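# Coordinate inspection notes
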Amino acid sequence: MSEQNQWIMGIETSCDETAVAIVKNGKEIVSNIVSSQIESHKRFGGVVPEIASRHHVEQMTIVIEEAMKEADITFSDLTAIAVTEGPGLVGALLVGVNAAKALAFAHNIPLVGVHHIAGHIYANRLLTEMKFPLLSLVVSGGHTELVYMKEHGHFEVIGETRDDAAGEAYDKVARTLNLPYPGGPHIDRLAQLGEPTIPLPRAWLEEDSYDFSFSGLKSAVINTVHNAEQRGEKIEPEALAASFQQSVIDVLVTKAAKAAKAYKVKQVLLAGGVAANKGLRAALQETFEPLDEIELVIPPLSLCTDNAAMIAAAGSIYYEKGIRSQLNLNANPGLDISIHNS
Ligand code: KG4
Ligand code: ZN
């Protein structure tokens, strides 16, 4: 194996996916194994932290072995092990962090703790060169953020949700419509079949704010459904899904476009599980395609939802910046993304 090549193992266990990947030179996916627990959480309508931790424990070593086998490398080839240290469910994070520490210790490999959202953003580096300054619209089950980056590894959160994350709102609205967990893809599918005819609010907040708020919208949807039930009327789920989705997309896209212009960015990167949303992808393309000075990058669906290739990609940059974690690395559910800004 050539000396110049960098091989990073990524480990991700922050929520309900046990994932391990090997990424070569920060950009090339060599293996990317994801073991999902969605089926186990479905009957509870959401992720049950205790069940998530147990699944991670059961799956961790199997997924590590599979990722190594598919990459066809040995531990001595690894340059570093990158692991999600936060944010996420503490019990779930701990499984990945401890596996990473054990491997790092046993094989004497550098350890690099990675922020989960930095990982989502760096999924884009597996597709294309990142051009700075850039803006990332991060939309996941736990986060809705606009992150400005002036250079690699430097993250500034310029706007974030004040209550529910976009994915969380999708999942709660889906539950109101009796759709299975996770509800985002179901709402997305229904929305394609209906027209946005039901008036719903949009939380623009203060004129100069890039923050978001989705709890009012979520409550408005729930009230609309309950009021209709009380009147004995039936709401067309396709119309409700389309109206809800339109409201979310209007705010996300308008604020992202405003920030991208104000910060004069060269690229806009979409990141996080909600980036799989067809309506959002189309609306972003429509908005940014006419803007020659801004390149829009949208990852394929497999890199939008939680995976470890994105953690390895971010880990590669952290590693190059000289960031190292010690063997006392702990899971940090409230980790700040700007912690390594120099
Ligand atoms: O990034 P992710 O896999 O996990 C977190 O870090 O949170 O995001 C999961 C979220 C869930 O809320 C799920 O409903 C949502 O992404 N999601 C979608 C779609 N696919 C996944 N939301 C809207 N439309 C979709 N097509
Ligand atoms: Zn995520």
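Source: prediction; values computed, not measured.

### Considerations on the site of ligand 1
Around ligand 1 sit 19 residues in total, of which G141, D171, D188, G273 and N277 are the nearest. One of the side-chain N or O atoms of H116 is found 3.2 Å from an oxygen atom in ligand 1. Note that an oxygen atom of ligand 1 is positioned 3.3 Å from one of the backbone N or O atoms of G142. In isolation ligand 1 offers 560 Å² of accessible surface; the protein chains occlude 89% of this area. In this structure the site holding ligand 1 corresponds to the largest pocket. Elements with a minimum of two residues in the shell around ligand 1: α4 (116-122), α5 (166-176) and α6 (184-193).

### Describing the layout of surface pockets
Counted as a void, the largest pocket has a volume near 1,100 Å³. Lining the largest pocket are 41 residues, and of these S140, G141, G142, D171 and Y181 lie nearest its centre. Mapped by element, the contributors of at least two residues to the lining of the largest pocket are α4, α5, α6 and α10 (301-304). If you tally residues by element for the lining of the largest pocket, the top one is α5, at 6 residues. Taken together, the residues of the lining of the largest pocket sort by class into 15 nonpolar, 17 polar and 9 charged.

### Side note on the domain arrangement of the protein
Domain parsing of the protein yields domain 1 (7-122 + 304-320) and domain 2 (131-298). Taking only C-alpha atoms into account, the centre of domain 1 sits 27 Å from that of domain 2. Together, I117, I121 and C304 form the three largest contributors to the area buried by domain 1 at its contact with domain 2, with a combined 38%. Taken together, domain 1 and domain 2 are joined by 0 salt bridges. At the junction of domain 1 and domain 2, the tally comes to 3 residue pairs in polar contact (both at pLDDT 80 or more). Listing elements by their share of the side of domain 1 that touches domain 2, those giving two or more residues are α1 (38-42), α4 and α11 (309-320). Here the side of domain 1 that touches domain 2 takes 5 residues from α4, the largest share from any one element. The class makeup of the residues in the side of domain 1 that touches domain 2 is 10 nonpolar, 4 polar and 2 charged.

### Re the UniProt feature "binding site: substrate" (unreviewed entry) in the protein
UniProt records the feature "binding site: substrate" (unreviewed entry) for V138, V139, S140, G141, G142, D171, G184, D188 and N277 in the present numbering. Lining the largest pocket, from this annotated set, are S140, G141, G142, D171, G184, D188 and N277. Relative to the helices and strands, G141 resides in the loop between β6 (134-139) and β7 (144-149). Since its relative accessible area comes to 47%, G141 is described here as partly exposed. Excluding its chain neighbours within four sequence positions, the residues that come into contact with G141 are A165, G167 and E168. Under the relative-accessibility criterion, D188 is labelled buried at 4%. If near-sequence neighbours (up to four positions away) are discounted, D188 is found in contact with Q245, A276, N277, K278 and G279.

### Concerning the coordination of the zinc ion (ligand 2)
At 2.0 to 2.1 Å from the zinc ion (ligand 2) lie its protein donor atoms, namely H116 (NE2), H120 (NE2) and D306 (OD). Here the donor residues of the zinc ion (ligand 2) are spaced in sequence according to H-x3-H-x185-D. Of this pair, H116 and H120 both sit in helix α4, 4 residues apart, which is roughly one turn of that helix.

### Focus on the nonpolar core
By size, the foremost hydrophobic cluster in this structure holds 52 residues, and its most contacted members are L137, L146, I187 and F244. At the level of secondary structure, the elements contributing two or more residues to this core comprise β6, β7, α5, α6, α7 (215-230), α8 (237-262), β9 (267-271) and α9 (278-288). No other element matches the 14 residues that α8 contributes to this core. The next biggest cluster of nonpolar side chains, apart from the first, holds 36 residues, and it includes V114, L269, A313 and Y318.

### Focus on the sheet that holds β9
Strand order in the open sheet made by the 5 strands is β8-β7-β6-β9-β10, with mixed pairing throughout. With one partner strand each, in any of the chains shown, β8 (156-160) and β10 (295-297) form the two edges of the open sheet. On average, adjacent strands in this sheet sit at an angle of 20° to one another, irrespective of strand direction. The sheet strands contacting α9 are β6, β9 and β10, and the helix crosses β9 at an angle near 175°.

### What about the UniProt feature "binding site: Fe cation" (unreviewed entry) in the protein?
Under the UniProt annotation, "binding site: Fe cation" (unreviewed entry) lies at H116, H120 and D306. In summary, the annotated positions, though distributed over 191 residues, converge in three dimensions, the widest C-alpha pair being only 8.9 Å. Of the residues named above, H116, H120 and D306 line the largest pocket. Of the residues examined, H116 reaches a relative accessible area of 6% and is grouped as buried. In this view, H116 contacts E12, S14, T84, G86, P87, D306, M310 and I311; residues no more than four positions away in its chain are not counted. One polar contact links H116 to S14, side chain to side chain, over a distance of 3.3 Å. Within the secondary structure, D306 is located in the loop between α10 and α11. Judged by its relative accessible area of 13%, D306 is buried.

Definitions and limits used
- Residues numbered from 1 in each chain as written.
- Chains lettered and ligands numbered in written order.
- Predicted model: local features only at pLDDT ≥ 70, side-chain atom pairs only at ≥ 80, totals over all residues.
- Heavy atoms only, no water.
- Near = heavy atom within 4 Å.
- Polar contact = N/O pair within 3.5 Å; in protein donor to acceptor, adjacent residues only side chain to side chain.
- Areas by Shrake-Rupley, 256 points an atom, 1.4 Å probe, with all protein chains shown as cover.
- 1 Å grid on protein atoms, 1.4 Å probe; cavity = no way out; pocket = protein on both sides within 12 Å on 5 of 7 lines; lining within 4 Å.
- Sits in = over half its atoms within 2 Å of the grid points.
- Helix = DSSP H or I, 4+ residues; strand = E, 2+ residues; numbered from the N terminus.
- Points joined across faces, edges and corners; volume = space filled by probe spheres on them.
- Nonpolar A, V, L, I, M, F, W, Y, C, P; charged D, E, K, R; others polar.
- Domains from an automatic or database assignment.
- Buried area = accessible area lost by both parts, 1.4 Å probe.
- Salt bridge = Lys/Arg side-chain N within 4 Å of Asp/Glu carboxyl O.
- UniProt positions renumbered as here; feature names shortened; annotations may be inferred.
- Buried < 20%, exposed > 50% of the residue type's maximum accessible area, 1.4 Å probe, protein only.
- Contact = heavy atoms within 4.5 Å.
- Donors = N, O, S within 2.8 Å, 3.2 Å for Na, K, Ca; no water.
- Core = buried A, V, L, I, M, F, W, Y, C linked by side-chain atoms within 4.5 Å.
- Pairing = 2+ DSSP bridges.
- Axes fitted to C-alpha atoms, helices over the stretch in contact; angles between N-to-C directions.

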